[in-house]
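Single-letter residue listing:
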Amino acid sequence: MIIGIAAGAAVVLTAATVGVVLLVSSLSPAHDVSAAAKTYFQALIDGDGEKALSVSDPGVPENEQALLQNNVYKSAGQHIDGYRILGARSDSVRAEVTQNGRKQEITLRMTKSREGEWKVGATNFQKIRLSSSRPVKSFAVNGVDVPAPDPGTGARNSLLMPAFPGEYTLGVSGDKYATAEEQKALISIDRAISKSSESLKVIPSQLLLDETRTLLENKRSECTASTPDSASEATRRGCSGFALYEYRPTRNLKWTIEKEPSFTLLRGEDSWIIQSEEAGKASVSYEVNSGRDDAPQWEPKVELVTPRVSGEIQIVDGKATLKDR
């Protein structure tokens, strides 16, 4: 009977011991890091940047986390579309992750927050560099504005920001007169094929091209309405393409524009430079005095010219203005 009681006590003690072991095991660091990794991966599959950020630490201040927000990440392409946990240790998780049909075995390095929660660490994050050929007010990532560095801080026109795996569409915004050809940046689970750095070439918007054309046409009308008397005056007035190289008195001038000159705009630091691409075709008919002032002899004459455009477009109070060069 004593033996039976002892055996029963041993069974109870053993069960209690097993319960303690299981309880400790369920609260082990490996279990915690694995749970955090699962939450992180599922959030990436769902395109839920807010959830993914809640279980990760990108290692940058909040003002540098713009690309990790829902309004940017939900519109990214090529999210991961599957994962399988292969193993977990106290500070890392091995997993097989699928993205756009590609499988890759990765290791998530985990870090512990001040509150004691395990999170995906900063070393797992890749970064996208936002840069442009000329200063811009802001970049656009998946259609969301991201302010560019303030030139007053001495920072160049470039940002380096962490991003979740996916494909991002980059552009510029905030300026009605400037745009850029869109570029794609890919953050891949396979770092070897990630394309995370692309400089955006700033080009004039269609609005600026249209307004520049109007400004040049207005200038041409001004020049042809009152043709300069000399080449030096023509240059001073910005009408060098409409100068008559005739030293004798003229009258009854009439300009005919057969073909408008074409142009392109090159971005300067503070303005747009008008660069002539192809000269135009024009003719001017007039009468020239081949006699004396007291006995004039007016003879008809026709002169062919090839007008070109030049100048500089400056933005003054939000409006395009033409400055002669």
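Rules and cut-offs
Residues numbered from 1 in each chain as written. Predicted model: local features only at pLDDT ≥ 70, side-chain atom pairs only at ≥ 80, totals over all residues. Heavy atoms only, no water. Pairing = 2+ DSSP bridges. Helix = DSSP H or I, 4+ residues; strand = E, 2+ residues; numbered from the N terminus. Core = buried A, V, L, I, M, F, W, Y, C linked by side-chain atoms within 4.5 Å. Buried < 20%, exposed > 50% of the residue type's maximum accessible area, 1.4 Å probe, protein only. Contact = heavy atoms within 4.5 Å. pLDDT = per-residue confidence, 0-100. Phe/Tyr/Trp six-rings, centres within 6.5 Å; stacked < 30°, edge-to-face > 60°. Axes fitted to C-alpha atoms, helices over the stretch in contact; angles between N-to-C directions. Salt bridge = Lys/Arg side-chain N within 4 Å of Asp/Glu carboxyl O. Expected span 1.5 Å × (residues − 1). Arc of directions from axis to C-beta.

Caption draft 1: Spatial organisation of the pairing of strand β19 (residues 311-316). As judged from the three bridges shared by strand β16 (residues 272-278) and β19, these two strands associate in the antiparallel manner. What sits directly across from Ile273, in β19, is Glu312. Strand direction decides the pairing type here: β19 and strand β20 (residues 319-323), joined by five bridges, are antiparallel. For Gln314, the partnering residue across the bridge sits in β20 and is Thr321. Following β19, the chain reverses through two residues before pairing antiparallel with β20; Asp317 in that reversal takes a positive phi of roughly 55°.

Caption draft 2: Here's a closer look at the nonpolar core. Judged by nonpolar contacts, the single largest core of 57 residues is most densely connected at Tyr40, Phe41, Leu108, Ile128, Leu130, Phe164 and Tyr168. Among residues more than four places away in sequence, those in contact with Tyr40 are Ala52, Val55, Ser56, Leu108, Val120, Phe125, Phe164 and Pro165. By size, the runner-up hydrophobic cluster in this structure holds 10 residues, among which are Cys223, Cys239, Leu244 and Val305.

Caption draft 3: Region of the structure containing the confidence of the model for the protein chain. In this model, the protein chain carries an average pLDDT of 85, and 86% of its residues clear a pLDDT of 70 or more. A low-confidence stretch, residues 1-27 stays under pLDDT 50, and its non-local contacts, those more than four residues away or across chains, total three contacts.

Caption draft 4: View of the packing of aromatic side chains. Following the criterion strictly, the structure yields five aromatic pairs and no others. When the ring of Tyr40 is compared with that of Phe41, the centres are 5.9 Å apart and the planes differ by 55°; the resulting orientation is tilted. Each member of the pair Tyr40 and Phe41 is classed as buried.

Caption draft 5: Here's a closer look at the environment of Leu160. Within the fold, Leu160 resides in strand β8 (residues 158-163). Given a relative accessible area of 37%, Leu160 falls into the partly exposed group. Expressed as a C-alpha distance, the spacing of Leu160 and Ser196, which sit 36 residues apart in the sequence, is 9.6 Å. Beyond its immediate sequence surroundings of up to four residues, Leu160 is in contact with Lys127, Ile128 and Arg129.

Caption draft 6: Region of the structure containing the sheet that holds strand β18 (residues 298-305). On the basis of which strands lie adjacent, the open sheet formed by three strands has the order β14-β17-β18 and antiparallel pairing. In the strand order of this sheet, the two ends are held by β14 (250-259) and β18, each with one partner. Between one strand axis and the next, the sheet turns through 15° on average, direction left out of account. Two strands pair when backbone bridges link them, and β14 and strand β17 (residues 281-289) are joined in this way by seven bridges, in the antiparallel orientation. Of the residues in β17, the one forming a bridge with Thr250 is Val288.

Caption draft 7: Quick peek at the pattern of salt bridges. In the structure shown here, the tally under the stated rule is nine salt bridges. Arg220 is the partner of Glu260 in a salt bridge, and the nearest nitrogen-oxygen pair spans 2.1 Å. With a gap of 40 residues between them, Glu260 in the loop between β14 and β15 (262-267) and Arg220 in helix α5 (residues 206-225) connect regions that are remote in the sequence.

Caption draft 8: Structural view of α5. Taking 1.5 Å as the rise per residue, α5 with 20 residues should run 28 Å; its terminal C-alpha atoms sit 29 Å apart, in good agreement. Here α5 has its buried residues at Leu208, Thr212, Leu216, Lys219, Arg220 and Cys223. All buried residues of α5 lie within an arc of 110° about the axis, which places them on one face of the element. Along α5, the residues that are exposed and aim more than 90 degrees away from the buried face are Gln206 and Ala225. Contacts made by the buried residues of α5 are with β13 (202-204), β14, β15, β16, β19 and β20.

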